[in-house]
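Report on the structure
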Amino acid sequence: MTAKHNKAYLVGGGIGSLAAAAFMIRDGGMPGESITIYEALPVLGGSLDGSGNHVDGYTLRGDRMLTTDNYECTWGLFKSIPSLVNPGKTVFDETVEFNKQIKAHSQARLVDRDRAIIDVTSMGFTMTDRMELLKLMTASEPKLGKDSITDWLSPEFFRTKFWYMWATTFAFQPWHSAVEFKRYLHRFIKEFSRIETLAGVKRTVYNQYDSLVRPLEAWLLEKGVNFQKGCFVTDFDLVSDDGKVVVRGITFERTGEAETETVAVGPDDLVFFQNGSMTDASSFGSTTQAPDQMTKQDSRGWALWEKLAEGRPEFGKPAAFNSSIPESCWESFTVTLRDTAFFDKMETFSGNKAGTGGLVTFKDSKWLMSVVLAHQPHFIHQPENIQVFWGYALHPDRIGDFVAKPMSDCTGAEILQELCGHLNFDRKTFATATCIPCRLPYITSMFMPRAQGDRPLPVPKCSRNLAFVSQFVEIPEDVVFTVEYSVRVAQMAVYELLNIDGEIPPILHHDRSLEVNFEAAVKAFK
């Protein structure tokens, strides 16, 4: 198969599709003009979003952790993508330089109900906790099966300081997949030893939409890639040819138009599909209004994967991930400030300047709320007199400590009232603030317990020209809810379909280092 004679169609404009397009051009020699990306939204980036302005308020649905000890495929890609703001440098270069200047070292990782900063030099483990954790870490994935974390760890474990820090850093819940929890412990074992300071966490110069998506989109545009925004793909025309499933057409709706359109897929063309979305059916509120409580029926975001998977077990099982919103939902909020009062108070309280502290988690809060104050400006065109911070809570269905309603029913103003209560700050601190909450019903759906086969391979064995590139694809060892997972899946799919004879950056096995394991063991016994 000769790349220059192919066309490629990518359904979904998230980081997985953008990365796949880049790999086809950079490593497969495919002309950008031969690549089309269909995206239902008016902007690209998928879950790596960032929007708004200083007047109406900025919005971020989520915040992704990065490290330079891992993320091999991600940094391999962004070493090729020029920075938008630093001429002559790549995105990787500017990110490394930024983190040399702004180093993370949290001094207030956990805060208790009395607003006291908790001493987190110890994990708080008992010997039972250590033995159970070791047993889980050394169990095989077939043995862990569809078990949840609670099937392997006692109730007391979930009251340790380690659990509060690990769970809020990575957004784990006790009922989530034991397999995924084990993978995280191995993949991020270096973070195990420094979880209380978040010293291994790296940040982009701005939010990840401005720092990762926009440079990648600009590079792809320069190469001639065709972006079709406002296009919602509703169906694939699938045929069977010599025992292989082949896509022969793509049907989509354009925003504001009643008629559907179909594009023919040629015999040598390729199709990449972003199946499922962690930010599907997300909804924004405002300072005066709670977010709408939407589901997949409102968004139709899972419908195509469900249709494709029906009767085709090789295409996965969407129901394993999207069937229980109470187990996959949390809520975030983005706050736009027009004075420095809150940032000044937080620096005095925590001992960290903005950008150096990472998450501050209110351990005893019923919502299990955390906030993070990034280095400013956090948006590329953010005015100097504006500050922005982000927060989230893992239990939005629970009644608050200072607001007598679930977070999911709260306005942005009520969320700030709850935050002031935990910090014992005067509510006037937020007198001119704009707080935009965001409900995310499927945000941790990829963490749900799963069986072998619930996630399709990047290129299913039954497929000739269809690849899956998302967080809901099965690849060994790596962990979901990371930019790296999407980029790695994309690179694997592209290399397989284009028959590229090149090495995909291997996963760095820090868990096989004697030094790293020794440091983790010492930390576990503190």
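Residues numbered from 1 in each chain as written. Predicted model: local features only at pLDDT ≥ 70, side-chain atom pairs only at ≥ 80, totals over all residues. Heavy atoms only, no water.

1. Things to note about the environment of Leu-221
Its location among the elements puts Leu-221 in helix 9 (residues 208–222). The exposure class assigned to Leu-221 is partly exposed, which follows from its relative accessible area of 47%. When the C-alpha positions of Leu-221 and Glu-33 are compared, they lie 9.3 Å apart, and in sequence the two are 188 residues distant. (Helix = DSSP H or I, 4+ residues; strand = E, 2+ residues; numbered from the N terminus. Buried < 20%, exposed > 50% of the residue type's maximum accessible area, 1.4 Å probe, protein only.)

2. As for the packing of aromatic side chains
A complete count under the given rule lists 40 aromatic pairs for this structure. Here the aromatic rings of Phe-172 and Phe-181 are separated by 5.5 Å at their centres, their planes lie at 80°, and the arrangement is edge-to-face. Take Phe-172 and Phe-181: they sit in the same class, and that class is buried. Relative to Phe-447, the ring of Phe-172 lies with its centre 4.3 Å away and its plane at 0°, an arrangement referred to as stacked. Of this pair, Phe-172 sits in the loop between helix 6 (161–170) and helix 7 (178–187) while Phe-447 sits in the loop between strand 16 (434–440) and strand 17 (466–468), and the two are 275 residues apart along the sequence. Here Phe-172 matches Phe-447 in class, with each residue buried. (Phe/Tyr/Trp six-rings, centres within 6.5 Å; stacked < 30°, edge-to-face > 60°.)

3. Brief notes about helix 15 (residues 412–423)
Each full turn of the α-helix corresponds to 3.6 residues, which orients residues three or four apart in the same direction. Taking 1.5 Å of rise per residue, 12 residues should cover 16 Å, and helix 15 covers 17 Å from first to last C-alpha, within 8% of that figure. Looking at helix 15, one finds that the buried residues are Gly-412, Glu-414, Ile-415, Leu-416, Glu-418, Leu-419, Cys-420, His-422 and Leu-423. On its buried face, helix 15 is in contact with strand 12 (330–337), helix 14 (341–350), strand 13 (359–362), strand 14 (369–372), strand 15 (387–393) and strand 16. (Expected span 1.5 Å × (residues − 1). Contact = heavy atoms within 4.5 Å.)

4. Here's the deal with helix 14
Phe-342, Phe-343, Met-346, Phe-349 and Ser-350 are the residues of helix 14 that are buried. The buried residues of helix 14 all sit within an arc of 130° when viewed along its axis, so they share a single face. Directly beyond the C-terminal end of helix 14, a positive phi value near 80° is found at Gly-351. (Arc of directions from axis to C-beta.)

5. Notes on the pattern of salt bridges
Counting across every chain of the model gives 29 salt bridges. In this structure, the salt-bridge partner of Asp-69 is Lys-190, at a minimum N-O distance of 3.6 Å. Of this pair, Asp-69 sits in the loop between strand 4 (57–59) and helix 2 (72–78) while Lys-190 is found in helix 8 (residues 189–192), placing the two residues 121 residues apart along the sequence. For Lys-190, a relative accessible area of 25% translates into the label partly exposed. Ionic contacts of the salt-bridge type, sharing partners, join the residues Glu-72, Arg-187, Asp-478, Glu-484 and Arg-488 into one network. (Salt bridge = Lys/Arg side-chain N within 4 Å of Asp/Glu carboxyl O.)

6. A word on the sheet that holds strand 13
Reading across the sheet, the 7 strands line up as 5-13-14-15-12-16-11 and stay open at both edges, with mixed pairing between neighbours. Looking along the sheet, the strands with just one partner apiece sit at the ends: strand 5 (110–111) and strand 11 (283–284). In terms of strand pairing, strand 14 meets strand 15 through 4 bridges, oriented antiparallel. Counterpart to Val-371 in the pairing with strand 15 is Gly-391. Relative to the sheet, helix 15 contacts strand 12, strand 13, strand 14, strand 15 and strand 16, its axis offset from that of strand 16 by approximately 100°. (Pairing = 2+ DSSP bridges. Axes fitted to C-alpha atoms, helices over the stretch in contact; angles between N-to-C directions.)

7. A short note on the nonpolar core
In terms of nonpolar packing, the biggest core is built from 142 residues, with Ile-35, Trp-166, Phe-181, Phe-192, Leu-220, Phe-236 and Phe-272 touching the most fellow members. Sequence-distant contacts of Phe-192, defined by excluding residues within four places in its chain, comprise Met-123, Phe-125, Leu-133, Phe-162, Trp-166, Leu-185, Ala-520, Lys-523 and Ala-524. Ranked by size, the runner-up nonpolar core spans 28 residues in total, among them Val-111, Val-335, Phe-342 and Leu-419. (Core = buried A, V, L, I, M, F, W, Y, C linked by side-chain atoms within 4.5 Å.)

8. Some remarks on the packing of helix 6 against helix 7
Each pair of packed helices can be described by the angle between their axes along with the distance between the axes. As a packed pair, helix 6 and helix 7 sit with axes 13 Å apart at the nearest point and diverge in direction by 95°. As summarised for this structure, helix 6 and helix 7 are arranged roughly perpendicular, according to the angle between their axes. The segment helix 6 lies against helix 7, with Phe-162, Trp-163, Trp-166 and Phe-170 engaging Phe-181, Tyr-184 and Leu-185. Of the residues contributing to the contact of helix 6 with helix 7, the split by class is 7 nonpolar, no polar and no charged. (Parallel < 35°, antiparallel > 145°, perpendicular 65-115°, else oblique. Nonpolar A, V, L, I, M, F, W, Y, C, P; charged D, E, K, R; others polar.)

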